[in-house]
Amino acid sequence: MVETEEKVVEVKNLFKSFGDLKVLQGVDLDLYKGENLVVLGKSGSGKSVLIKIMVGLLKQDSGSMMVLGEDVANLGVKALNELRLNIGFSFQNSALYDSMTVRENMEFPLVRNVKNLTKKEITMKIEELLDSVGLPQSIDQMPSELSGGQKKRIGVARTLILEPEIMLYDEPTAGLDPITCIDINNLIVQIREQYNTSSIVITHDLTCAKMTGDRQAVLLDGQFKAKGSFEEVFAGAEDQRVKSFYDYNFINS
Amino acid sequence: MAEDKDDKKPFLSKKIDKFFTGLASAYRFVLRFFKEVFVPPYEFKEVVQQCYRIGVESLPLISLTGFIVGIVFTNQSRPSLEEFGASSWLPSLISIAVVRAMGPLVTALIAAGKVGSSIGAEIGSMKVTEQIDAMEVSATNPFKFLVVSRVLATTFMIPLLVMYTDFVALMGSFLSVNSKELVSMSTFFVQVFESISFLDIFSSVLKSLLFGFTIGMVGCYKGYNSSKGTEGVGRAANSAVVISMFLIFIEELLALQIVNAIRTW
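Given the structure is predicted, the values throughout are model-derived calculations rather than measurements.

What counts and how
- Residues numbered from 1 in each chain as written.
- Chains lettered and ligands numbered in written order.
- Predicted model: local features only at pLDDT ≥ 70, side-chain atom pairs only at ≥ 80, totals over all residues.
- Heavy atoms only, no water.
- Contact = heavy atoms within 4.5 Å.
- Buried area = accessible area lost by both parts, 1.4 Å probe.
- Salt bridge = Lys/Arg side-chain N within 4 Å of Asp/Glu carboxyl O.
- Helix = DSSP H or I, 4+ residues; strand = E, 2+ residues; numbered from the N terminus.
- Nonpolar A, V, L, I, M, F, W, Y, C, P; charged D, E, K, R; others polar.
- Buried < 20%, exposed > 50% of the residue type's maximum accessible area, 1.4 Å probe, protein only.
- Axes fitted to C-alpha atoms, helices over the stretch in contact; angles between N-to-C directions.
- Parallel < 35°, antiparallel > 145°, perpendicular 65-115°, else oblique.
- Pairing = 2+ DSSP bridges.
- Right-handed = clockwise from strand over helix to strand, strands pointing away.
- pLDDT = per-residue confidence, 0-100.
- Expected span 1.5 Å × (residues − 1).
- Bend = angle between axes of the 7 residues up to and from the residue.
- Polar contact = N/O pair within 3.5 Å; in protein donor to acceptor, adjacent residues only side chain to side chain.
- Phe/Tyr/Trp six-rings, centres within 6.5 Å; stacked < 30°, edge-to-face > 60°.
- Lys NZ or Arg CZ within 6 Å of the ring centre and 35° of its normal.
- Arc of directions from axis to C-beta.
- Patch = residues over 30% accessible without salt bridge, like charges linked within 9 Å, V, L, I, M, F, W, Y side chains within 5 Å.
- Areas by Shrake-Rupley, 256 points an atom, 1.4 Å probe, with all protein chains shown as cover.

Novice: Hey, could you run me through the interface of chain A and chain B in this one?
Specialist: Put simply, an interface is often sized by how much accessible area is lost when its parts join up. Between chain A and chain B, the contact holds 22 residues from the first and 17 residues from the second. In total, chain A and chain B occlude about 1,600 Å² of area from one another, counting both sides; carbon and sulfur atoms represent 53% of this. In terms of surface lost to chain B, no three residues of chain A exceed Arg84, Tyr97 and Arg112 of chain A, which account for 28% of the buried area on that side. At the junction of chain A and chain B, the tally comes to 3 salt bridges. Ionic pairing is found between Arg84 of chain A and Glu136 of chain B, a salt bridge with its closest N-O pair at 3.9 Å. At the level of secondary structure, the elements contributing two or more residues to the side of chain A that touches chain B comprise helix 2 (77-84) and helix 3 (102-113) of chain A. By residue number, the principal contributor to the side of chain A that touches chain B is helix 3 of chain A, which donates 4 residues. For the side of chain A that touches chain B, the per-class residue count stands at 11 nonpolar, 5 polar and 6 charged.

This is the structure in structure tokens:
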């Protein structure tokens, strides 16, 4: 459900290599405000690299990456950190801090970046977010006591605590059972509606893509080979690799 | 292309390349520590937490080891001194050995095993599970939060642990001395303090600061640069201990030369 034609992310002619391995080879991509964009591709095709460049964890070799009107590669540390506050990054393995409880995990970004909040306000905010991801009872648990799906939900709740404008989901359904996958997919849709975010979902799971995405983009050989709605991309796909990507997922589901 | 070139290099040349690349990377890491340590925001809470973990949680092991070292060293030294009829010098000998060398060395080696490996494994596991990246994207400087706080904590806590080890070892020695002949605690400690100089204590504290810095820095460096999944975490913890111990002995040797030069000056 795209709200406006305002672009929140604009990627132009992006190249990234690791030694001899060429990962991104002239990638162009736009994310519109309020949109859920799914980036599909095989493992190792550079999907995660793309969103890591978006938050400044990696730097591109050439090309431009504009996020909320800022050129990420040319930002100083302070400006980059300010931009990062507007981007929520949900990691593939949740990346919850092992040594902290769920409460401390969620407090971590908040107490460091939002001043003048009372202890009560922080607790209320954490409880509200845990409620919205359906895990209010986990507040004092350690990450090691949570299941994979619960970790993902808490990871998403932690990124939402700073009320980001853009959400980046890195393989949100990887390693989860089919029922939990559907729960996570529903959560991604719910977050967009509840918190009015624009999102990029990185996945190779077509069920996730279909359920969460307004638009799909298929990354193959370092370039987007197809973009459009789910039907536009896969119904009668001309590129054999895009077609086989669909067939493979279909057979496996 | 670069990898092809590397593959053609002889084994020894590759090893030398790797050694100097590692050295340069460690140098940059240490330099980054000194750049970040003075710049706000300061992670006081994390430093205090790490001081507690490194200091208080090491006390049982340090107490036991220090006490045993005191007893063993006293029992081993006694026969030699008795041969020369100098067994009354036992407290002096023990105090000089413990304060000048054994206290700092034993504490540092135990801390390298216990604290260094735990820092290496903890940060290494955070690295491979993307927890460090998660910190970075939530606008927190992970180097400051994880590395600076731990290195400061080891640097402050190791000297305190060394002083504690010295005390416990001397208590062990006192008990050992008393098992053969009756010596009051005040007589024992008067002899202890008469034998050690300000330079002994000062050099011991300075050396301990350096040992603490080394343990923290090597553990953090190895953890922060670990790769290859869980195998890399194990390697980081292991090499943190091995390299820390190696550096501690080198530092001990250098410190001994410097202090001896000052003593004879």
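Novice: Sorry, what's going on with the side chain of Thr214 of chain B here?
Specialist: All names here are of chain B. Note that Thr214 resides in helix 9 (residues 198-224). Take Thr214: its relative accessible area is 5%, and that puts it in the buried class. Filtering out sequence-adjacent residues up to four positions away, Thr214 remains in contact with Ser244, Leu247 and Glu251.

Novice: Before we go on, may I ask you to explain the packing of helix 4 (residues 119-132) of chain A against helix 6 (residues 178-195) of chain A in this structure?
Specialist: Residues and elements named next belong to chain A. Closest axis-to-axis distance for the helix 4/helix 6 pair is 11 Å, and the angle between their directions is 135°. In terms of orientation, helix 4 and helix 6 fall into the oblique class. Between helix 4 and helix 6, the residues in contact are Glu128, Leu129 and Ser132 and Leu187, Gln190, Gln194 and Tyr195, respectively. Taken together, the residues of the contact of helix 4 with helix 6 break down into 3 nonpolar, 3 polar and 1 charged.

Novice: How should the environment of Thr180 of chain A be read in this particular structure?
Specialist: Structurally, Thr180 of chain A can be placed in helix 6. Taking C-alpha positions, Thr180 of chain A is 9.1 Å from Gln150 of chain A, a pair spaced 30 residues apart along the chain.

Novice: I tried to follow the pairing of strand 7 (residues 166-170) of chain A on my own but got confused; where do I start?
Specialist: Residue and element names in this part refer to chain A. Counting buried positions along strand 7 yields 5 of 5 residues, so the element is predominantly enclosed. Burial of strand 7 is two-sided: the residues Ile166, Leu168 and Asp170 facing one way and the residues Met167 and Tyr169 facing the other way are all buried. Summarising the sheet, strand 6 (residues 87-90) and strand 7 pair through 4 bridges and their orientation is parallel. Note that in strand 7 the partner of Ser90 across the bridge is Tyr169. For strand 7 and strand 8 (residues 198-203), the ladder comprises 5 bridges, and the chain directions are parallel. The residue of strand 8 that forms the bridge with Tyr169 is Val201. Following the chain from strand 7 across helix 6 to the adjacent parallel strand 8, one finds a crossover that is right-handed.

Novice: Please clarify how the confidence of the model for chain B should be interpreted in this entry.
Specialist: A low pLDDT score tells you not to read the predicted coordinates there in detail. Looking at chain B as a whole, its pLDDT mean stands at 93, while 97% of the residues score no less than 70. For this predicted complex, the interface score ipTM comes out at 0.91, while the overall pTM is 0.89.

Novice: What's the story with helix 7 (residues 142-180) of chain B in this structure? I'm lost.
Specialist: Residues and elements named next belong to chain B. For helix 7, which comprises 39 residues, the first-to-last C-alpha distance of 56 Å matches the rise-based estimate of 57 Å (1.5 Å per residue) to within 8%. The largest bend in helix 7 is about 25°, located at Met157, with the proline Pro159 one to four residues further on. Most of helix 7 is tucked away: 28 of the 39 residues are buried. Where helix 7 begins, one side-chain oxygen reaches toward the backbone nitrogen of Phe143, 3.0 Å away; that side chain belongs to Asn141.

Novice: Please explain the packing of aromatic side chains as it appears in this structure.
Specialist: Tallied over the full model, the rule gives 17 aromatic pairs over all chains. What links up through ring pairs into an aromatic cluster is the set Phe29, Phe143, Tyr221 and Tyr224 of chain B. Against the face of Phe108 of chain A rests Arg112 of chain A, its NZ or CZ located 4.1 Å from the ring centre. Over the ring of Tyr97 of chain A we find Arg158 of chain A; its NZ or CZ atom is 4.5 Å from the centre of that ring.

Novice: What exactly am I supposed to notice about the pattern of salt bridges here?
Specialist: When their charged atoms lie close together, side chains carrying opposite charge are able to pair. Counted according to the given criterion, the structure contains 21 salt bridges over all chains. Between Arg112 of chain A and Glu43 of chain B there is a salt bridge; the shortest N-O distance is 2.8 Å. Pair noted here: Arg112 of chain A is in helix 3 and Glu43 of chain B is in the loop between helix 2 (11-37) and helix 3 (44-55), and the two residues belong to different chains. We classify Arg112 of chain A as partly exposed; its relative accessible area is 23%. For Glu43 of chain B, a relative accessible area of 16% translates into the label buried. Among the charged side chains, a salt-bridge network with shared partners connects Lys7, Glu10, Lys12 and Asp30 of chain A.

Novice: Hey, could you run me through the sheet that holds strand 5 (residues 70-71) of chain A in this one?
Specialist: Pairing between the strands of a sheet is mediated by backbone hydrogen bonds and can be parallel or antiparallel. All names here are of chain A. Here 4 strands make up an open sheet; going across it, the order is 2-1-4-5 and the pairing antiparallel. In this open sheet, the two edge strands, each paired with only one partner strand, are strand 2 (21-32) and strand 5. As paired elements, strand 4 (residues 62-67) and strand 5 share 2 bridges and run antiparallel to each other. In the strand pairing of strand 5, Met66 is matched with Asp71. Here helix 1 (residues 47-54) sits on the sheet and contacts strand 1 (7-18), strand 2 and strand 4; the angle it forms with strand 1, its principal contact strand, is near 120°.

Novice: Honestly, helix 2 of chain A in this entry has me stumped. Any pointers?
Specialist: Since one α-helical turn is 3.6 residues long, residues separated by three or four positions face the same way. Along helix 2 of chain A, the residues classified as buried are Leu80, Asn81, Leu83 and Arg84 of chain A. Axial view of helix 2 of chain A: buried residues confined to an arc of 160°, hence all on one face. On its buried face, helix 2 of chain A is in contact with strand 4, strand 5 and strand 6 of chain A together with helix 6 (131-137) of chain B.

Novice: Would you explain unusual backbone geometry in this entry?
Specialist: Among all residues save glycine, negative phi is the norm, and among peptide bonds the norm is trans. All names here are of chain B. With an omega of 5°, the peptide bond running from Pro40 to Pro41 counts as cis. Positioned with a positive phi, Glu130 is a non-glycine residue whose angle comes to about 65°. By the secondary structure assignment, Glu130 is in the loop between helix 5 (90-128) and helix 6. According to the relative accessible area criterion, Glu130 is buried, its value standing at 12%.

Novice: Is there a simple way to explain a nonpolar patch on the surface in this structure?
Specialist: Residue and element names in this part refer to chain B. A contiguous nonpolar patch, built from Val242, Ile243, Phe246, Leu247, Ile250 and Leu254 and spanning about 520 Å² of accessible area, is present on the exposed surface. Structurally, the position occupied by Leu254 is in helix 10 (residues 229-264). On the basis of relative accessibility, which here comes to 52%, the residue Leu254 falls in the exposed class.

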